[in-house]
Amino acid sequence: MTQAARGMGAFDVAVIGAGVVGCAVARDLALRGARVVVLEKAPDILAGASKGNSAILHTGFDAPTGSLEHACVQAGYREYLAIRSSLNLPVLETGAVVVAWTEDEVARLDAIESTARANGVGDVVRVDRAALLAREPNLSPRALAGLLVPGEHVIDPWSAPLAYLLQAMSRDAAVLRGTELLGGRFEAGRWRLDTSAGPIEATAVVNCAGLHGDTVDERLTGRRHFDIRPRKGQFVVFDKAAARLLGTIVLPVPTERTKGIVLTPTVFGNLLVGPTADEQEDRERADVDTPTIEALLEKAADILPALAGMPVTATYAGLRPATERKEYRYRHEPELNLVTVGGIRSTGLTAALGLARHVGTAISGETHRTPPSDAPSLAVPVLAEHMARDWTRPGYGEIVCHCEMVTRREIEAALSGPLPAGDIGGLKRRTRAGMGRCQGFHCQARVAALTAGRLAVPMAAGRCDD
Amino acid sequence: MTDGPRHLSCDVAVIGAGPAGLSAATALARAGVGTVLVLDREGEAGGVPRHCGHPPFGLREFGRVLTGPSYAARLRDEARSAGADLRTSHSIVALLPDGRLDVMSPAGRIDLRARRIVLATGMRESSRAARAVGGTRPLGVINTGALQAYLHLEGLVPFRRPLIVGTEWVGLSAVSTCLRHGIRPVAVVEAGRRASAPWPFSLFPRLAGIPVHFGTVVQSIAGRERVEGATLRHADGTVRTLACDGVLFTGAFVPEATLARTGHLRLDPATGAPARDAAGRSSDPCVYVAGNVSGAARSAGWSFRDGRAVAAAVAADLRALPRQAQAAGDRPREREAQP
Ligand SMILES: Cc1cc2nc3c(=O)[nH]c(=O)nc-3n(C[C@H](O)[C@H](O)[C@H](O)COP(=O)(O)OP(=O)(O)OC[C@H]3O[C@@H](n4cnc5c(N)ncnc54)[C@H](O)[C@@H]3O)c2cc1C
Ligand SMILES: Cc1cc2nc3c(=O)[nH]c(=O)nc-3n(C[C@H](O)[C@H](O)[C@H](O)COP(=O)(O)OP(=O)(O)OC[C@H]3O[C@@H](n4cnc5c(N)ncnc54)[C@H](O)[C@@H]3O)c2cc1C
């Protein structure tokens, strides 16, 4: 790796971290013609905050008006919709409804509505109880009123960043996985970066290290300009049979601290309830606990009574890279050729493309960039249930994961190409193998055999004849 | 472009080629009900016994003690020689009203119409997620079904020192499977006060020197890449962590009832299985339910006998129907596309 990295010569920009933000930043800069290198410490991309979220493409209706977050969420939203067909990316046009369950919450809908209008989201509609239940007949009749936000959509949180990075790679970006940034010095207008795979030189650096953004900040500047305080969100995924119970994202009236527990369809044809908001120190351990899972199940059945007794497919948690302050911790230090994109807490999936354009403009000094229509198009695997999945096309060899209908052809594709899956998580995010209702009862051994020798950590502990 | 589906019809379509489906198909073919098509999504027919490397299977059915794989082979041979048409690598994607099935095979999609359908899709053990066990999600957390497939189908070992959860017969069989492959369970835990499997089988892990903890549940699983340990909570409230490199969740069977749950069949709210009457008929008069998918969690021999009993009901039902014009022979017929 060291030799390879050296052999590639010096880079214009080094992006630290291949979360959704780093992937989008790499794409933007590569499309501007920059020679980009992405350093990711994990065996695969999306190893941090970006591996577990609610997958909602936000309109920014509730963002702090006039903030960078507001601007980037909306720019990201627009660009996603503009590029998605050329990248084969799904969108489920669910709309969302903020539901008021108490008179007090009904009163707060006014303020939410005026923020939405101030934020340029003008198509919001107040709905009364009857209209709510007409739209979502399975919703608990305890719902009092709501605010419909038609533009809130659901996307695939993993194929999108993968597509951004592949597009960057098609413009010669280098992606070094298993490569941790350890330190760096800025001298004579260039960065000399010290990495776990040897030294790398780049003119500019963009810190997109998410949950480790403050650590990377310190390793580069000698100072922590902010502190990451991970905020965990736990989720429960219901069986696909639940999907027909709900078509719209159901949001609560938010509190100061969190957007609250959401019930949302997914592009994979599931129904999701979560996330919670639990502060913790650990930046890696995205664990769930039984009492929280049980509380989420109860909450879900409160909102949608038909969910009582619905089988659970999976539980997971994601860690938000929150900081001591609410806003994005974006910093551009021109004298250091350094941009820090820190504290992208709870809207980064949507804002990534907007943040990327902001960074690209800052580094290149130009707002202009190759229009999306000129960017190389490429097709990432389609995992969305409402689109034509691979198994619908004959010649797939074998269906390996029956619950999610994952074919051997898909698994082989995910293990090859310019950015093959680096670990089991990466394989799951690229194919959904093992992510269905049986959680690998039927397919795990087969997947272990198909991936033997291909992943950083093998699925099996050994062979029978060892 | 994908071509449209092939349109096929048959007299009876059996979904699932496990002991129940294969015994039903054998009995139906022998009863001369016309074309009997057995569809299974796996590459080989036989169901769960295919990967049960151990005896005893087949004592009552075939009068001898067989291992799972040879029992499965025997079931296949019988069904074929009776005249049933076995199609593997055929996934049923949807079960629709009026005896229609949406089927996918590597060669393409099939719109299948059958006069009667036997649903025999078996059961599976519930996953760690379905049991709401906390912790991280490292490699090495699996069910017995996967353990057997690792060992017997792929020649791979998923872990070396697992914690085993559950003392139903399948949990005890998992202990013996482990020991035969040099895997040393660190302990067996059981939420109940005593073993689920009957004495004296329940003594087996202790005899093998493996500690058994009753009134104990797995609270959470730790580990980043692979399992590093499990936190146990005992009935008296004490909590302790046990080092292990895997957690095997055994038993707690749930019916593999997706086709019913996502389709139109009525479910039994207690078991989540498609409801059936004494003859095995579901809420759709075209569809019968056989074997473990009925919510039973019983042995292969029971499933075999259940399949045969359901087949008798299906055959009687078909005989009572006005005879429709149909081509002779045991091959499924191509038919015109129709709405
Ligand atoms: C529970 C939850 C729900 C959410 N819901 C939504 C939603 O519905 N819609 C939405 O738009 N957003 C949502 N988000 C927010 C979104 O997921 C995050 O904003 C986004 O993932 C942040 O991405 P990132 O790239 O900044 O960070 P990360 O994903 O953490 O990426 C940082 C990467 O840098 C790597 N790295 C760290 N240190 C180093 C180093 N020293 N050297 C090399 N590499 C390093 C890490 O391994 C990691 O891959 C949600 C988040 C959570 C947790
Ligand atoms: C780990 C384990 C160990 C066991 N050990 C023993 C033992 O030692 N002795 C014993 O007597 N019993 C044992 N059993 C129980 C025994 O395997 C079952 O009783 C028996 O297999 C049930 O038969 P079945 O035909 O109902 O279902 P299964 O054997 O489960 O067969 C169902 C079939 O349906 C297919 N199928 C499912 N969905 C679809 C679909 N949508 N499309 C197409 N095909 C589909 C499956 O591929 C499968 O082949 C064990 C079970 C397990 C899980």
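Residues numbered from 1 in each chain as written. Chains lettered and ligands numbered in written order. Predicted model: local features only at pLDDT ≥ 70, side-chain atom pairs only at ≥ 80, totals over all residues. Heavy atoms only, no water.

Once that is clear, we can look at the packing of aromatic side chains. The geometry of an aromatic ring pair is captured by the separation of the ring centres together with the interplanar angle, meaning the angle of the planes. Residue and element names in this part refer to chain B. A complete count under the given rule lists 7 aromatic pairs over all chains for this structure. With centroids separated by 5.3 Å and ring planes inclined at 25°, the aromatic side chains of Phe 57 and Tyr 71 adopt a geometry described as stacked. Placement of the pair is Phe 57 in the loop between β2 (36-39) and α2 (59-62) and Tyr 71 in helix α3 (residues 68-82), with a sequence separation of 14 residues. The residues Phe 57 and Tyr 71 share a single accessibility class, namely buried. (Phe/Tyr/Trp six-rings, centres within 6.5 Å; stacked < 30°, edge-to-face > 60°. Helix = DSSP H or I, 4+ residues; strand = E, 2+ residues; numbered from the N terminus. Buried < 20%, exposed > 50% of the residue type's maximum accessible area, 1.4 Å probe, protein only.)

Before going further, it helps to examine the pairing of strand β14 (residues 262-265) of chain A. All names here are of chain A. Side chains of β14 alternate between two faces, with Val 262 and Thr 264 and Leu 263 and Pro 265 buried alike. Sheet topology places β14 next to strand β15 (residues 271-274); 4 bridges connect them, and they run antiparallel. Pairing of Leu 263 across the sheet is with Val 273, part of β15. Between the antiparallel neighbours β14 and β15 lie 5 residues, among them Gly 269 with a positive phi of about 85°. (Pairing = 2+ DSSP bridges.)

Listed by partner, the interface residues are 49 residues for chain B and 48 residues for chain A. Both sides of the chain B and chain A interface together cover about 4,100 Å² of buried area, and 58% of this is carbon and sulfur. Connecting chain B to chain A are 2 salt bridges. Residue Arg224(B) pairs with Glu284(A) through a salt bridge whose shortest N-O separation is 3.6 Å. (Contact = heavy atoms within 4.5 Å. Buried area = accessible area lost by both parts, 1.4 Å probe. Salt bridge = Lys/Arg side-chain N within 4 Å of Asp/Glu carboxyl O.)

Before going further, it helps to examine the site of ligand 1. All names here are of chain A. In the region of ligand 1, 42 residues are neighbours, and Glu 40, Ser 50, Ile 56, Ile 344 and Thr 350 sit closest. Val 20 is positioned with one of its backbone polar atoms (N or O) 3.4 Å from an oxygen atom of ligand 1. One nitrogen or oxygen atom from the main chain of Leu 349 is found 3.2 Å from an oxygen atom belonging to ligand 1. Considering ligand 1 on its own, with 1,000 Å² of exposed area, one finds that the protein chains cover 98% of that surface. (Near = heavy atom within 4 Å. Polar contact = N/O pair within 3.5 Å; in protein donor to acceptor, adjacent residues only side chain to side chain. Areas by Shrake-Rupley, 256 points an atom, 1.4 Å probe, with all protein chains shown as cover.)

Turning our eyes to something else, we now look at the domain arrangement of chain B. Residues and elements named next belong to chain B. As far as domains go, chain B holds domain 1 (6-124 + 254-334) and domain 2 (127-251). The partner domain 2 presents 9 residues to the 6 residues of domain 1 that form the contact. For the domain 1 and domain 2 pair, buried surface summed over both sides reaches about 600 Å², with 58% attributable to carbon and sulfur atoms. Inspection of the region where domain 1 meets domain 2 yields 0 salt bridges. There are 2 residue pairs in polar contact (both at pLDDT 80 or more) connecting domain 1 and domain 2. (Domains from an automatic or database assignment.)

Our focus in this paragraph is the site of ligand 2. Residues and elements named next belong to chain B. As a structural note, the neighbourhood of ligand 2 is formed by 35 residues, with Ala 20, Asp 40, His 54, Asn 292 and Arg 298 the closest of them. Within the backbone of Ser 299, one N or O atom sits 3.2 Å away from an oxygen atom of ligand 2. For ligand 2, an oxygen atom lies 3.4 Å from a polar atom in the side chain of Ser 303. Compared with its free state, where it exposes 990 Å², ligand 2 has 94% of that area covered by protein. Those elements that place two or more of their residues in the shell around ligand 2 are α1 (19-30), β4 (91-96), α4 (144-153), α5 (169-180) and α8 (300-320). In terms of residue count, α4 provides more of the shell around ligand 2 than any other element does, 3 residues in total. If you count residues domain by domain, the shell around ligand 2 takes at least three from each of domain 1 (6-124 + 254-334) and domain 2 (127-251).

Attention now moves to the pattern of salt bridges. Residues and elements named next belong to chain A. Overall, the coordinates contain 50 salt bridges over all chains when judged by the stated rule. In this structure, the salt-bridge partner of Arg 219 is Glu 180, at a minimum N-O distance of 2.8 Å. Of the two residues, Arg 219 is situated in helix α7 (residues 213-221) and Glu 180 in the loop between β8 (174-177) and β9 (181-187); the sequence distance between them amounts to 39 residues. Between Glu 279 and Arg 231 there is a salt bridge, with the nearest N and O atoms lying 3.2 Å from each other. Of this pair, Glu 279 sits in strand β16 (residues 278-279) while Arg 231 sits in strand β12 (residues 231-238), placing them 48 residues apart in sequence. Judged by its relative accessible area of 46%, Glu 279 falls in the partly exposed class. For Arg 231, a relative accessible area of 11% corresponds to the buried category. The structure contains a network of salt bridges with shared partners spanning Lys 240, Glu 385, Arg 389, Glu 404 and Arg 432.

Of the two faces of strand β18 (residues 329-333) of chain A, only one is covered, namely that formed by Arg329(A), Arg331(A) and Glu333(A); the face formed by Tyr330(A) and His332(A) stays uncovered. Between β18(A) and strand β19 (residues 338-342) of chain A, which follow one another and run antiparallel, lie 4 residues, and Asn337(A) among them has a positive phi close to 50°.

Residues and elements named next belong to chain B. The terminal C-alpha atoms of α5 lie 17 Å apart, and with 12 residues this matches the ideal 16 Å at 1.5 Å per residue to within 8%. Among all positions of α5, only Val 170, Gly 171, Leu 172, Ser 173, Ala 174, Val 175, Thr 177 and Cys 178 are buried. With its phi angle positive at about 75°, Gly 182 sits one or two positions after the end of α5. (Expected span 1.5 Å × (residues − 1).)

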